[in-house]
Structures are given as structure tokens and as C-alpha cells.
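# Examining the three-dimensional arrangement
Listed here are the chains, written in short residue letters.
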Amino acid sequence: MSQPQTAITPRREEDFSEWYQQVVRAADLAEPSDVRGCMVIKPWGYGVWEQMQGALDAMFKATGHKNAYFPLFIPLSYLAKEAEHVDGFAKECAVVTHHRLEVGPDGALRPAPSAELTEPLIVRPTSETIIGATYAKWVQSYRDLPILINQWANVVRWEMRPRIFLRTAEFLWQEGHTAHETDVEAVEETERMLGVYAKFAREHLALPVYTGEKSAGERFPGAVQTLTIETMVQDRKAIQAGTSHFLGQNFAKASGIRFLSRTNTQEYAWTTSWGVSTRLIGTVIMAHGDDDGVVLPPRVAPSQIVILPVTPKEDTKAAVLDAAHKLASRLREQRFHGDLLRVEVDTRDIGGGTKSWEWIKKGAPVRIEIGPRDLEKGSVALARRDRGPKEKTFPTVDECVEGITVVLQEIQDGLLAKATAYRDANTVRIDTKEDFYAFFTPKNAEKPEIHAGFALAHWNGSVEVEKQIKEDLKVTIRCIPTAGQIPGAEEPGRCVITGEPSPRRVLFAKSY
RNA sequence: CGGGCUGUGGCUCAGCUUGGUAGAGCGCUUCGUUCGGGACGAAGAGGCCGCGGGUUCGAAUCCCGCCAGCCCGACCA
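Rules behind the numbers
Residues numbered from 1 in each chain as written. Chains lettered and ligands numbered in written order. Predicted model: local features only at pLDDT ≥ 70, side-chain atom pairs only at ≥ 80, totals over all residues. Helix = DSSP H or I, 4+ residues; strand = E, 2+ residues; numbered from the N terminus. Expected span 1.5 Å × (residues − 1). Buried ≥ 20, exposed ≤ 12 C-beta atoms within 10 Å, placed from the backbone. Contact = placed C-beta atoms within 7 Å. Near = placed C-beta within 6 Å. Nonpolar A, V, L, I, M, F, W, Y, C, P; charged D, E, K, R; others polar. Pairing = 2+ DSSP bridges. Axes fitted to C-alpha atoms, helices over the stretch in contact; angles between N-to-C directions. Bend = angle between axes of the 7 residues up to and from the residue. Domains from an automatic or database assignment.

### Some remarks on helix H6 (residues 183-203)
Taking 1.5 Å per residue as the helical rise, H6 with its 21 residues ought to reach 30 Å, and the 30 Å between its terminal C-alpha atoms agrees with that figure. Three or more residues of H6 are buried, namely Ala 186, Glu 189, Thr 190, Met 193, Leu 194, Val 196, Tyr 197, Ala 198, Phe 200 and Ala 201. Here the buried face of H6 lies against helix H2 (43-62), strand S10 (170-180), strand S11 (210-213), strand S12 (225-232), strand S13 (238-246) and strand S16 (270-277).

### A look at the protein's contact with RNA strand B
Residues in close proximity to RNA strand B total 40 residues, the closest being Val 310, Gly 352, Gly 353, Gly 371 and Arg 373. Taken together, the elements giving at least two residues each to the surface near RNA strand B come down to S13, helix H10 (352-362) and helix H11 (372-377). Broken down by element, the surface near RNA strand B gets its largest block of residues, five residues, from H10. Looking at side-chain class alone, the surface near RNA strand B contains 16 nonpolar, twelve polar and twelve charged residues.

### So, the sheet that holds strand S5 (residues 95-98)
Across the sheet, three strands lie side by side as S4-S8-S5; this open sheet has antiparallel pairing. In this open sheet, the two edge strands, each paired with only one partner strand, are strand S4 (73-75) and S5. Here the strands of the sheet are splayed against their neighbours by 40 degrees on average, with no regard to which way each runs.

### Re the environment of Arg 279
For Arg 279, the position within the fold is in helix H8 (residues 279-288). The spacing of Arg 279 and Leu 109 is 170 residues in sequence and 35 Å in space, taken between C-alpha atoms. Ignoring anything within four residues of it in the chain, the contact list for Arg 279 reads Phe 165 and Leu 166.

### Observations concerning unusual backbone geometry
Residue Pro 10 is bonded to the preceding Thr 9 through a cis peptide linkage, with omega at 0 degrees. Position of Pro 10 among the secondary structure elements: in the segment before helix H1 (16-26). That bond from Leu 145 to Pro 146 is cis: its omega, 0 degrees, falls within 30 degrees of zero. Counting through the fold element by element, Pro 146 comes out in the loop between helix H5 (128-138) and strand S9 (147-156).

### Observations concerning helix H12 (residues 397-425)
A rise of 1.5 Å per residue sets the reference length of H12, with its 29 residues, at 42 Å; its end C-alpha atoms lie 40 Å apart and thus fit the reference within 8%. Where H12 bends most, the angle comes to about 50 degrees, and this point is Gly 403. Taken together, the buried positions of H12 are occupied by Cys 400, Ile 404, Val 407, Leu 408, Ile 411, Gln 412, Leu 415, Leu 416, Ala 419 and Arg 423.

### Thoughts on the sheet that holds S12
One open sheet accounts for eleven strands, arranged S3-S9-S10-S16-S13-S12-S11-S25-S28-S24-S23; its pairing is mixed. A single partner strand is all that each edge strand has here, and the edge strands are strand S3 (66-67) and strand S23 (427-430). Note that S9 and S10 share ten bridges and pair antiparallel. The residue of S10 that forms the bridge with Gln 151 is Glu 175.

### With respect to the domain arrangement of chain A
You'll often see interface size given as the accessible area lost when the parts meet. Looking at the assigned domains, one finds that chain A contains domain 1 (16-92 + 128-288), domain 2 (303-413) and domain 3 (427-509). The distance between the C-alpha centroids of domain 2 and domain 3 comes to 47 Å.

Below you can see the structure in the form of C-alpha cells.
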């Protein structure tokens, strides 16, 4: 049998969408379930999520937040309290109307007509309303503020067009919800948490993100201001990787979060909310994956190092396995960014080549092979996921143990550098309408999925222009980048569409 | 929710036009030979042909309905 050129078919440039789906499966991250729009997250995929959770949770705690848990079900009337919010979510809510099943006349199970809820419940698409109602009870005085709480939860949004990890009907996320005495404090919180997300994305996920503010059209329903981190994946589309919302007093007014102020007046609290989801897993796959599968940044890889014992002969097998486990023990004592290394010894009795390729497809950062000959020489064969599948180095065991964290950091840094270079190479400044339309018009109408990239252009700030661009090109304003982030972006100019004055450039792209 | 395509063993698919109760490759199991390697040979296991109804002596194949997936569109935090 001839060996395929790459482990994943099709390759990225052939059909990015299909490549993505194949990678998710080949890497054993997740699979579609029997329930429409819902996925089964498999151990390797869930392991990535656990790494993300662990790191983020520590960052939330370090910024003063505590975890709590609020109900999955929300009374329908709660959602209705905030007008924009209900507009934004009503169309995709799962609704619970009964609390009992019974056998109907036709012998089939059905919701019991006698058990209809007096008020339907919705399955939370997000928890602002239920948490707001709770905070309203908790807050009496300015001394009760701030409230800084996060919850790890699942949410349901009945999506028309699911896409595994990126947009599923049910997904896992965290949602932080805070309430503050002043608007200044709440804005600071919103910005602080965006900063946490940006740091996490860059340092842990190796994703180069732009931070910025959403335009009015792209804002979270009910928010005064939505901040976002946006990154580029390999089909040059943008992905919103996390958001942080300043909710003003909108939800406080809707839920009645009021307090007696320092000057003895009744005030509404200022609230924020912020979240990231399992969408990050999809983002990492699309940002770093190659034609052999997933490439995981070491900091979020469930197993950072996989040891593959090579046991060709029975008489040396025990010695090889022993050496493999000993090496694993030594490696597990090493720390990478403060955490003990996550090392797996794969002793499954399957073909060595097959086994190697499995780990390549899964994206394990480092593979270490150890066999009888290595034992004699006191060395190992080390392969990195950011290099070719056959490319190996042969350090001694000691060199391997001592140098391993350097290797992991090189991989981590290399992924960020590569993704940054890719984004920058596909980000252009555009100053005329003609160029703008040319840039975003697919060169190949047959296969429009590989897009032009990011465009930094001036914009007059109007919803109309934004809408026009969206209709014509399916391009949206991903964010108004935070000042100081992109050299020259704050120089005034003229709107790329209307020619009207514009104070700065904004980021346009097609997006997920 | 509209348009298009698809749904056959774990995976990829053939068979459907011209109805006669299932095939291939990969994977899986066992044995053997190999083996720093996604190897080879042999023998096996595994399929309410998405679901429901209809036409028919007979349906994977024809008709209707439904469900699910993918792509495009609308929508989207």
C-alpha cells in the first residue's frame, strides 16, 4: 500500500472546511452525536478543555473572582426583562414546557398534558438574567459590591447551522458576571478581563489576537460596550475568541440590582459579563493544524510528551518498557510554567508506525521513541510536532530530560510566531473602495472558502456602511482595535466607502 | 428557516437509471512471517442498506413523508 502524502485528506488548501472536520475526527477530539447540533467531546478534546479551564480558572481567581453555579433553567419572563437581550436570543431558545412524561393513547411516551408548566422555562443561552435576579437579592448596600463571580457551565443556543466546536447547539463555557458600584469600576473590570483573555490566548493558545471594541451592530444584545479578542485562522477568516461586555445599568435595571449608595441614595449597579467557550478548541485547530492533523500548543496539550517504547524483540521488551517508564518518571518531575509535565507512555500493542501517526494526528507536542538500541547508547529519539514527521534528534536521556522544557517552549513560541506572521502577511491597509471590494471578492468563485484576510480601513462610524459591506461582501467589522496596538491605526483618514472623515482604522474580515 | 447535495458493516464508498432480500478497500479478531515501524500472508467476525409509510409476488433500488449531515443563503453573542 502506498503511503499518503499527508495524514489528513483533503489538505487545507483543497477544502478547508472538510479538512477541519476530518482533523477533528482523526485527532479523536470529538464526534457528532445523535442529537442535532450537539457533539460528544471525547477524552482528548475534553483534555484540551480541561487545560484551558485550569489556566483560566487560576487567572480568574488571581483577579479576585470566585466560582458559583446558577440554574440551567431560566423562567421565560426573566429573559423578557431586557428588550435588546430578548431580541438577540429569543430565536434560538430551547423551551421546557412540561415536567412529566406519560404513555399516550397510541402507546408512545409524550409530555403529560396535565403536567404543563404554568410558566415555560428556557434552557439558558447565557445567564445574565437569572444571575441578575439573584444579585438583586444579594445587593442592598454599596458595601455588598463588587460581586465578582464566574461560573463554568453549559449553555444552549439552537443554532441554524452548527459546526463542531465553533458553533454547536450545546457548548461548554465560562461566564463571569460582576456587579459594581460605579461605571468606572465596571469598565475597568471589562477591560481587565479582556486583558486576561488576550494574555491567555497569546501565551497558552499561541493565538495572536487583536483586542478591540465591537461596533454597535456586532455588540452583545443588551450591552453598552462589547470588547473582543479576534484572531485569524488558516483560511484567513476571523474568529471571535472571547468577549467581555460592559452592560452599563441595563441588566441592573431589568433585574432590579439596586443599592443604597455612600450618599444614601438608591442607585442601580453597573454590571459586566465575559466569556470564552469550547469554540477555543476549534480555533486552536484551525489556527495551528497542518495537513497531518492537529498541532497543540504545549501549554494546553493534555499530554505534552508521549513516550513510544519500541519493542521489536521479546527478550529486550521488559528492559525497554522499564526504561520508558523511568524516563517518564524523570520527565514528570520537570516543571513547565510551574506545572509538572504531562507525560504518557503508550504501551498499546499496535504497530509502531500506526501509533506514531496517531499521536501526530492528535497533535502531541513531543514524541519520544525509546528502543533496544537507544538503551545501549543511552539515548532516545525525539520528534517534535512542529517539525516533519520523520525528523528526529537523538539526545542522551539526560539531555532529553534537561532540555525538554526548552523544546516545549520553542514549540509554544514557534506556534505563536508562525500564526502571527501568517496573520500579518494577510493583513493589509486599504484606502479605496475599489481595492476594498477587490480584496474581499473571491478570486475563485468555485471555492470561495480561502479568503483574502484582514483589512485595516477607515470607516465613517455609520451602521449603514457596515450593513452595506456586510450585504455586498459578507464582510463585517471585527473590531475597532484598541489604541496603540497597530502602528498608525489611529491616524485620521477618510472612510473607505464614503470618503467621510474617520478618526482611525478598523478591522474588517469575513468571520466564523 | 429557504436552496442544493448526501445518508449502504467502525471509516471511505460501489450497487440504485434497467426492483429479485448486499459488495470492495481500509479498519477489527485469530494465527503465522515481519518489525526503529503507518509491513505481508491466511482464516474469520461484523450490515433492521437513516426512519416511517406506499407501490409490488418481491424494494438498498421506484413513490411520499420525516430525521440527520454537509455546502450555499438568512440568522448569529
